[in-house]
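Here is what each chain is made of, one letter per residue.
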Amino acid sequence: MACIARRPRCGALDEPIALEPITDIGAALGIIAAIIAGLAAVGGAIGAVTVVGGVITVGGVAIVGAAGGGAISGALGGIAVIIVVGVFVADRCTQGDGLPECVAGVVNEVVESFDDAGSNLFPFAAMHDRVDLVLKSRFWDSAEDGGAPTFCTAEEIPRRSEILRCYFFDAQVCNAAKGALIGAGVGAVAGVFLAAAAAAAIGCATVIFCLLALLIALIIAAVTALVCAFAGGQIGRAATPASSPSTPGGSGGGHTLAVGDYVTLHGNLRRREHDNNANTLWWVSSASLSGHVSDSIPRPFSYCEVDDEFDQDGCAPLPPRNPDPEPEGDPEPEPPK
């Protein structure tokens with residue numbers, strides 16, 4: 001067993017919130033609602049905002065009726081949903097800057113896209129297929145590059161091992177996200193009309209009723225946009241074949257990666273906020289299989305055995321580490337004896 005003296009640098013990493021889209025959209029709507037309520041409260045207190053004949057007036061000037069106010073509030077709600085969905089689309093469908101990297105190790109876990117209820121309910125938030133790789137110890141520097149925190153196994157030292165999340169691009173994820181964005185746009189337009197109708201039904205008999213109408217209109221439009229985003233995302237997903245993390249293959253197809261496979265992966269090394277600012281391969285550009293762990297390897301996997309059993313990987317040899325480099329410049333002459 002080739003455990004080493006070096007300690008892996010494991011960060012305090014937590015899984016992302018399962019219903020992240022709800023928290024983002026809720027925060028955006030909360031800000032809009034707070035602004036509307038604040039303006040109504042302050043304006044009403046100082047007499048700047050009043051209701052005359054069911055019409056909101058500001059400084060004595062008629063601005064808009066209940067239906068018009070509901071339409072404006074609804075438009076803000078729809079736009080908030082579009083922006084949130086658009087941020088997810090940009091994140092899921094853009095590779096971004098990074099460094100080309102090669103890593104090797106054993107597959108510790110395979111996480112398929114759309115593997116949970118959250119990504120099915122909010123298809124624009126689904127993640128690409130992911131392989132969690134228990135790295136050989138010589139690749140720990142790659143996971144820690146730039147001072148990034150790292151995911152690790154829960155084993156005691158010295159068997160504790162670093163894990164690198166490696167994402168395989170899944171066209172189904174991107175098409176679902178883009179379909180959701182289109183659906184959100186359609187829903188936002190429909191939501192404006194529904195919001196206007198709801199606000200008109202409630203009416204603006206007083207400032208309080210107007211405020212209630214505007215807030216309900218905001219929620220109705222946002223929910224309408226979300227429902228249409230769900231529908232558009234599911235259409236985009238259904239129109240795209242599913243995929244799994246695998247090695248490329250010829251006419252017979254590639255090998256679908258499974259827990260316990262020894263693999264060498266090339267890809268774009270990039271820190272990602274979604275992954276608690278840890279480095280990831282986003283995305284894997286090539287994968288090669290080098291066998292499977294033997295039955296004698298204990299679970300959970302540790303680099304101690306992997307280093308021994310998977311000694312010949314597909315990455316180029318790394319330069320030797322020099323923990324005490326020589327100082328730059330000419331060496332100082334030795335003092336005379």
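Our subject is the structure listed above.
In this report, the structure presented in the accompanying data block is examined. (Residues numbered from 1 in each chain as written. Predicted model: local features only at pLDDT ≥ 70, side-chain atom pairs only at ≥ 80, totals over all residues. Heavy atoms only, no water.)

Quick look at the state of the cysteines
Reasoning step 1: A full pass over the atoms with the stated rule returns five disulfides.
Reasoning step 2: Two residues share a disulfide in this structure: cysteine 3 and cysteine 304, whose sulfurs sit 2.1 Å from each other. Handedness of the cysteine 3-cysteine 304 disulfide follows from its S-S torsion of about 110°: it is right-handed. Highlighted residues: cysteine 3 in the segment before α1 (20-46) and cysteine 304 in helix α7 (residues 303-309), separated in sequence by 301 residues.
Reasoning step 3: Across the disulfide, cysteine 10 is cross-linked to cysteine 152 (sulfur-sulfur distance 1.9 Å). Because the torsion about its S-S bond is -85°, the bridge between cysteine 10 and cysteine 152 counts as left-handed. Within this pair, whereas cysteine 10 is found in the segment before α1, its partner cysteine 152 is found in strand β6 (residues 151-152), the two being separated by 142 residues in sequence.
Reasoning step 4: Residue classification places cysteine 10 among the partly exposed residues on the basis of a relative accessible area of 32%.
Reasoning step 5: The class of cysteine 152 is partly exposed, set by a relative accessible area of 23%.
Reasoning step 6: Look at the chain and number its bonded cysteines as they come in the sequence; the links are 1-9, 2-5, 3-6, 4-10, 7-8. (Disulfide = S-S within 2.5 Å. Helix = DSSP H or I, 4+ residues; strand = E, 2+ residues; numbered from the N terminus. Buried < 20%, exposed > 50% of the residue type's maximum accessible area, 1.4 Å probe, protein only.)

Brief notes about unusual backbone geometry
Reasoning step 1: Between isoleucine 157 and the following residue, proline 158, the backbone shows a cis peptide bond with an omega angle of 10°.
Reasoning step 2: Structurally, proline 158 can be placed in the loop between β6 and β7 (162-168).
Reasoning step 3: Residue arginine 299 is joined to proline 300 through a cis peptide bond whose omega torsion reads -5°.
Reasoning step 4: Within the secondary structure, proline 300 is located in the loop between β9 (278-292) and α7.

What about the environment of arginine 270?
Reasoning step 1: Tracing the sequence through the fold places arginine 270 in strand β8 (residues 261-272).
Reasoning step 2: For arginine 270 and leucine 99, which are 171 residues apart along the polypeptide, the C-alpha to C-alpha distance reads 6.9 Å.
Reasoning step 3: Once residues lying within four places of it in the same chain are set aside, the contact partners of arginine 270 are Thr94, Gln95, Gly96, Asp97, Ala278, Asn279, Thr280 and Trp282.
Reasoning step 4: A polar atom in the side chain of arginine 270 sits 3.4 Å from the backbone oxygen of threonine 94. (Contact = heavy atoms within 4.5 Å. Polar contact = N/O pair within 3.5 Å; in protein donor to acceptor, adjacent residues only side chain to side chain.)

Nothing here speaks to function; it is all geometry.
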